[in-house]
Amino acid sequence: MQYENPGTIVSTEWLFNHLDNPDLRILDGTWFLPGVERDAKAEYDKAHIPGARFFDIDHISDDSSCLPHMAPPHEKFVSRMLAMGVGDGHQIVVYDSHGLFSSARVWWLFRHMGHTQIAVLDGGMPKWISEGRPLEDMPPRATRRHMTARRQAHMVKSRSQVLSASNSGAFEILDARSPGRFLGSETEPRKGLRSGRIPGSKNVFHLDLLNDNGTMKTPDELRDIFADAGVDMSKPAITTCGSGITAAIVNLALERTGKTDHALYDGSWTEWGKDSELPIEKGER
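Cut-offs used in this document
- Residues numbered from 1 in each chain as written.
- Predicted model: local features only at pLDDT ≥ 70, side-chain atom pairs only at ≥ 80, totals over all residues.
- Heavy atoms only, no water.
- Salt bridge = Lys/Arg side-chain N within 4 Å of Asp/Glu carboxyl O.
- Buried < 20%, exposed > 50% of the residue type's maximum accessible area, 1.4 Å probe, protein only.
- 1 Å grid on protein atoms, 1.4 Å probe; cavity = no way out; pocket = protein on both sides within 12 Å on 5 of 7 lines; lining within 4 Å.
- Points joined across faces, edges and corners; volume = space filled by probe spheres on them.
- Nonpolar A, V, L, I, M, F, W, Y, C, P; charged D, E, K, R; others polar.
- Pairing = 2+ DSSP bridges.
- Helix = DSSP H or I, 4+ residues; strand = E, 2+ residues; numbered from the N terminus.
- Contact = heavy atoms within 4.5 Å.
- Polar contact = N/O pair within 3.5 Å; in protein donor to acceptor, adjacent residues only side chain to side chain.
- Axes fitted to C-alpha atoms, helices over the stretch in contact; angles between N-to-C directions.
- Left-handed = near helix turned anticlockwise from the far one by under 90°.
- Phe/Tyr/Trp six-rings, centres within 6.5 Å; stacked < 30°, edge-to-face > 60°.
- Lys NZ or Arg CZ within 6 Å of the ring centre and 35° of its normal.

Draft legend 1. Seen up close, the pattern of salt bridges. Counted under the stated rule, the structure contains 16 salt bridges. For R133, the salt bridge is made with E131, and the minimal N-O distance between the two is 2.7 Å. In this structure, E188 engages R181 in a salt bridge whose closest nitrogen and oxygen atoms are separated by 2.7 Å. Here E188 matches R181 in class, with each residue buried. Each member of the salt-bridge network shares a partner with another, and the members are D175, R177, R181 and E188.

What follows is the structure in structure tokens.
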């Protein structure tokens, strides 16, 4: 597979060959689902890709929201990046311990803040380790560099905007959750949420976009997956999932196909599923 665009995905070989680039910044964006007894920061402290900084998805978020890890105000994002030594002119590569999971959320967040020089490491930490590439256990020294953040409002959608899109059919709403959750036949992992989906949405299960080794499928394969799901690629897209994490994998996949008119519903099912006034669908159409 070719990685011609370091604004989407880069290979482990590409990253290894650029480790000495002073303008490279590597981020460990590992995040675990609630209930999984693993500590992402502790695992980072034990071993990470040389030069990597830890990006805490739950910490770099909107403290004023009752919803989990919502996109932070741009002022908070900038201050956290300054403290981490991440700024303008840096090529950023983000990875996670799953292969390709929460790293896509970090990619989307940077893009939402107007920073396009960011790519996801294809296959993440598992592929890096399987190839015998180097690791370290010491955090890098952070040298501050100015970070300019210009929030791209069109890249995130609110509950009311998604409701309007659902009613109008002007957007394709793409749900990254498992087929069982999408159909409403599985209980939601978060307590207090109804089962089902946003009316008119289509299921693009995030794992279907990936190979068994955690790498993303080719652009042609991704196009076929979207076509099989009945997605009209001429329409702008809104992605959704449980809490805005795996939805970003769909955004990344759309970007890989060359589609740029896509946004993410940040509240996702955590917000939609608990509001009894919002409509839901269940079962097959």
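Draft legend 2. Fine view of the layout of surface pockets. Of the voids in this model, the largest pocket is the one considered here, and its volume is about 370 Å³. In terms of lining, the largest pocket is formed by 20 residues, of which the most central are L33, R181, P189, G242 and T246. Among the residues forming the lining of the largest pocket, the class breakdown is ten nonpolar, six polar and four charged.

Draft legend 3. The sheet that holds strand β4 (residues 91-95), seen in detail. An order of β1-β5-β4-β2-β3 is seen for the five strands of this open sheet, with the pairing classed as parallel. Sheet topology places β1 (9-10) and β3 (52-54) at the edges, where each strand pairs with a single neighbour. Relative to β4, strand β2 (residues 24-28) runs parallel, the two being bridged by five bridges. Each bridged residue has a counterpart across the sheet, and for D28 the counterpart in β4 is Y95.

Draft legend 4. Representation of the sheet that holds strand β9 (residues 237-240) within the structure. Strand order in the open sheet made by the five strands is β6-β10-β9-β7-β8, with parallel pairing throughout. Single-partner strands in this sheet number two, and they are β6 (156-157) and β8 (202-203). As paired strands, strand β7 (residues 172-175) and β8 are joined by two bridges and run parallel to one another. Bridge pairing in β8 places D175 opposite N203.

Draft legend 5. Up close: the environment of G200. Of note, G200 is situated in the loop between α7 (179-183) and β8. The spatial distance from the C-alpha of G200 to the C-alpha of A237 is 12 Å, given a sequence separation of 37 residues. When residues no more than four places from it in sequence are discounted, the contact partners of G200 are E281 and R285.

Draft legend 6. Region of interest: helix α3 (residues 74-84). Of the positions making up α3, those classed as buried are K76, F77, V78, M81 and M84. Those residues of α3 hidden inside the fold are in contact with β2, β3 and α4 (103-112). One or two steps after α3, the chain reaches G85, where phi turns positive at roughly 75°.

Draft legend 7. Structural detail: the side chain of T257. Residue position: T257 is located in the loop between α9 (247-256) and β10 (262-265). Overall, the relative accessible area of 12% leaves T257 in the buried class. Within polar-contact distance, the side chain of T257 engages the backbone oxygen of L254 at 2.6 Å. Ignoring sequence-local partners within four residues, the contact set of T257 consists of P219, L222, R223, F226 and M233.

Draft legend 8. Broad picture of the pairing of strand β5 (residues 118-121). Bridge count between β1 and β5: two bridges; the pairing is parallel. Within the sheet, the bridge partner assigned to V10 lies in β5 and is L121. Where β4 meets β5, three bridges bridge the pair, whose relative direction is parallel. Bridge pairing links V93 to A119 in β5.

Draft legend 9. Representation of the pairing of β4 within the structure. With respect to burial, β4 is a largely interior element, five of its five residues being buried. Residue alternation in β4 divides its side chains into two sets, Q91, V93 and Y95 and I92 and V94, and both sets are buried.

Draft legend 10. Highlighting the packing of helix α8 (residues 219-228) against α9. Two elements in contact, α8 and α9, have axes separated by 9 Å at closest approach and are oriented at 120°. In the packing of α8 onto α9, the handedness of the crossing is left-handed. Residues P219, L222 and F226 of α8 touch α9, and the partners they reach there are V250, A253, L254 and R256. Residue classes in the contact of α8 with α9 are distributed as six nonpolar, no polar and one charged.

Draft legend 11. Spotlight on the packing of aromatic side chains. Per the counting criterion, the structure on display carries six aromatic pairs. Summarising the aromatic geometry, the rings of Y265 and W272 are spaced 6.3 Å apart at their centres and angled 85° between planes, so their arrangement reads as edge-to-face. Site record: aromatic cluster; members linked through ring pairs are F55, F77 and F110. Note that R133 overlies the ring of W128, its terminal NZ or CZ placed 5.8 Å from the centroid.

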